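Architecture at a glance
The primary structure of each chain is shown beneath.
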Amino acid sequence: NGKEIPYDPSALRKIREHPCYSENASHKFGRMHLAVAPDCNIQCNYCIRDFDCVNENRPGVCSSVLSPEEAIVLVREVMSKDSYVKVIGSDIFPISHPSGTIVKSKDSYIKVIGIAGPGDPLANDVTFETLRMLKEEFPVPLKCLSTNGLMLPEYIDLLDEYGVSNITVTCNAIDPAIGEKIYSYVEWEGEKLHGRKAAERLLAQQMKGIEMAVEHKMAVKINTVLIPGINDHHVVDVAKKMGEMGVYTFNIIPVIPLYKFADIIPPTLSDKKAMHDACAPFVRQMRHCERCRADAIGKLGKDVQEEIYRNRGSL
Ligand code: SF4
Ligand code: SF4
């Protein structure tokens, strides 16, 4: 009857079934990260490359990097019925877990397959090979990717073609004068840019990429690393801009003091909460982030990848 159905992103699968986009989903569904992407094309001043990308990870545990083929084998195992993961009541355990009777076992609790590092997924060709193979064999689970955004405009169409529905961009500043304090260099067209030039290039690419991802109707999440003394007075501006651009949700990650920012005193949980409250008028807030590893498998905060790796032997 010509009536338009109102666009309600929260009704869509890419929101409803993604544990990071919906807190409700985080209690029911899990995600699985494939650590296929070791290289990065920028240098953040809080990152030591021995660790996983802070975009999506907590440092301290190195993931083993998988080839696309190894990643697909792992997905096959985890997604197959009666694999390593069983659901007991509402909790998920590795199959070897001694607790209680298995009430139900289901293969579908992993709703999202993501690529989140350990470097920047878009700086690694293997990311695209992995996505191509995933599309062929696992068309149903949501596909998710996190990036610093430098190469997002160049790859957005390809990501769309491979069915990537959820994109996270780490954007720490929308003012290059602040950005230049956060990034040591940006690799651009075979050159290493430093200082203001690096920050400007990264920012221009991030803005373009975010705009394009929103246009492609991808669910866009922004990660902003909260760095006291560097961008804490600026995070609300970032949130405001992102809200205007139409991103779905905004995640604040307290910096982990490493590398050039090793002396910074990290924000407390109450600093994080206050910042979320200050940003909330401008864009939806994701407050339940668990800073997962690049090889995380399971529900947020209830990861089972270590048991899975132990059960299947070394990779
Ligand atoms: Fe490290 Fe990620 Fe920054 Fe690259 S984008 S330097 S991997 S934190
Ligand atoms: Fe989700 Fe945060 Fe984990 Fe990323 S790091 S998968 S946003 S909970």
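First, a word on scope: everything that follows refers to the structure included in this document.

Conventions used here
- Residues numbered from 1 in each chain as written.
- Chains lettered and ligands numbered in written order.
- Predicted model: local features only at pLDDT ≥ 70, side-chain atom pairs only at ≥ 80, totals over all residues.
- Heavy atoms only, no water.
- Helix = DSSP H or I, 4+ residues; strand = E, 2+ residues; numbered from the N terminus.
- Buried < 20%, exposed > 50% of the residue type's maximum accessible area, 1.4 Å probe, protein only.
- Contact = heavy atoms within 4.5 Å.
- Areas by Shrake-Rupley, 256 points an atom, 1.4 Å probe, with all protein chains shown as cover.
- 1 Å grid on protein atoms, 1.4 Å probe; cavity = no way out; pocket = protein on both sides within 12 Å on 5 of 7 lines; lining within 4 Å.
- Points joined across faces, edges and corners; volume = space filled by probe spheres on them.
- Nonpolar A, V, L, I, M, F, W, Y, C, P; charged D, E, K, R; others polar.
- Core = buried A, V, L, I, M, F, W, Y, C linked by side-chain atoms within 4.5 Å.
- Phe/Tyr/Trp six-rings, centres within 6.5 Å; stacked < 30°, edge-to-face > 60°.
- Lys NZ or Arg CZ within 6 Å of the ring centre and 35° of its normal.
- Arc of directions from axis to C-beta.
- Axes fitted to C-alpha atoms, helices over the stretch in contact; angles between N-to-C directions.
- Parallel < 35°, antiparallel > 145°, perpendicular 65-115°, else oblique.
- Left-handed = near helix turned anticlockwise from the far one by under 90°.

1. Brief notes about the overall build of the protein
Scanning the protein for helices and strands turns up 10 helices and 14 strands. Among the 315 residues that make up the protein, the fraction classed as buried is 55%. Counting only contacts in the protein whose residues sit at least 6 apart along the sequence, the fraction spanning at least 24 positions is 74%. As displayed, the protein has an accessible area near 13700 Å², and 52% of this comes from carbon and sulfur atoms.

2. Section: the layout of surface pockets
Of the volumes computed, that of the largest pocket is approximately 230 Å³. Of all the elements in the fold, those that place two or more residues in the lining of the largest pocket are strand 11 (249-254) and helix 9 (269-279). Among the elements that take part in the lining of the largest pocket, helix 9 stands out by supplying 4 residues, more than any other. Grouping the amino acids of the lining of the largest pocket by side-chain chemistry returns 6 nonpolar, 2 polar and 5 charged.

3. Focus: the nonpolar core
By size, the foremost hydrophobic cluster in this structure holds 52 residues, and its most contacted members are M32, L159, I222, M242 and F250. Dropping the residues within four chain positions of it, M32 is found in contact with L74, V75, V78, I110, V112, I113, G114, A296 and I297. Core analysis: the second largest hydrophobic core is formed by 21 residues, Y183, V186, L202 and F261 among them.

4. Examining the packing of aromatic side chains
Any pair of aromatic rings gets described here by the distance separating the centres and the angle formed by the planes. Within the structure shown, the criterion is met by 2 aromatic pairs. For the ring pair F128 and Y155, a centre distance of 4.5 Å and an interplane angle of 40 degrees mean the geometry is tilted. Here F128 is found in helix 4 (residues 125-137), whereas its partner Y155 is found in helix 5 (residues 152-161), with 27 residues between them in sequence. Judged by relative accessible area, which is 22%, Y155 ranks as partly exposed. The residue whose ring lies beneath K111 is F29, and the NZ or CZ to ring-centre distance is 4.9 Å.

5. Focus on the side chain of K111
Here K111 shows up in strand 5 (residues 110-115). Every residue in contact with K111, bar those within four places of it in the chain, is listed here: E17, F29, G30, P141 and L142.

6. Digging into helix 5
Regarding helix 5, the residues found buried are L152, P153, I156 and L159. Along the axis of helix 5, the buried positions cluster into a sector of 95 degrees, meaning they face one direction only. Against helix 4, strand 6 (142-147), strand 7 (164-170) and helix 7 (195-215) lie the buried residues of helix 5. In the stretch just after helix 5, G163 is the one whose phi turns positive, near 80 degrees.

7. Regarding the packing of helix 8 (residues 235-245) against helix 9
Across the interface, helix 8 lies against helix 9 with an axial gap of 9 Å and an inter-helix angle of 40 degrees. Looking at the two axes, helix 8 sits oblique to helix 9. Note that helix 8 runs across helix 9; the crossing there is right-handed. Facing V235, V236 and A239 of helix 8, the residues of helix 9 in contact are M275, A278 and C279. In terms of residue class, the contact of helix 8 with helix 9 is built from 6 nonpolar, no polar and no charged.

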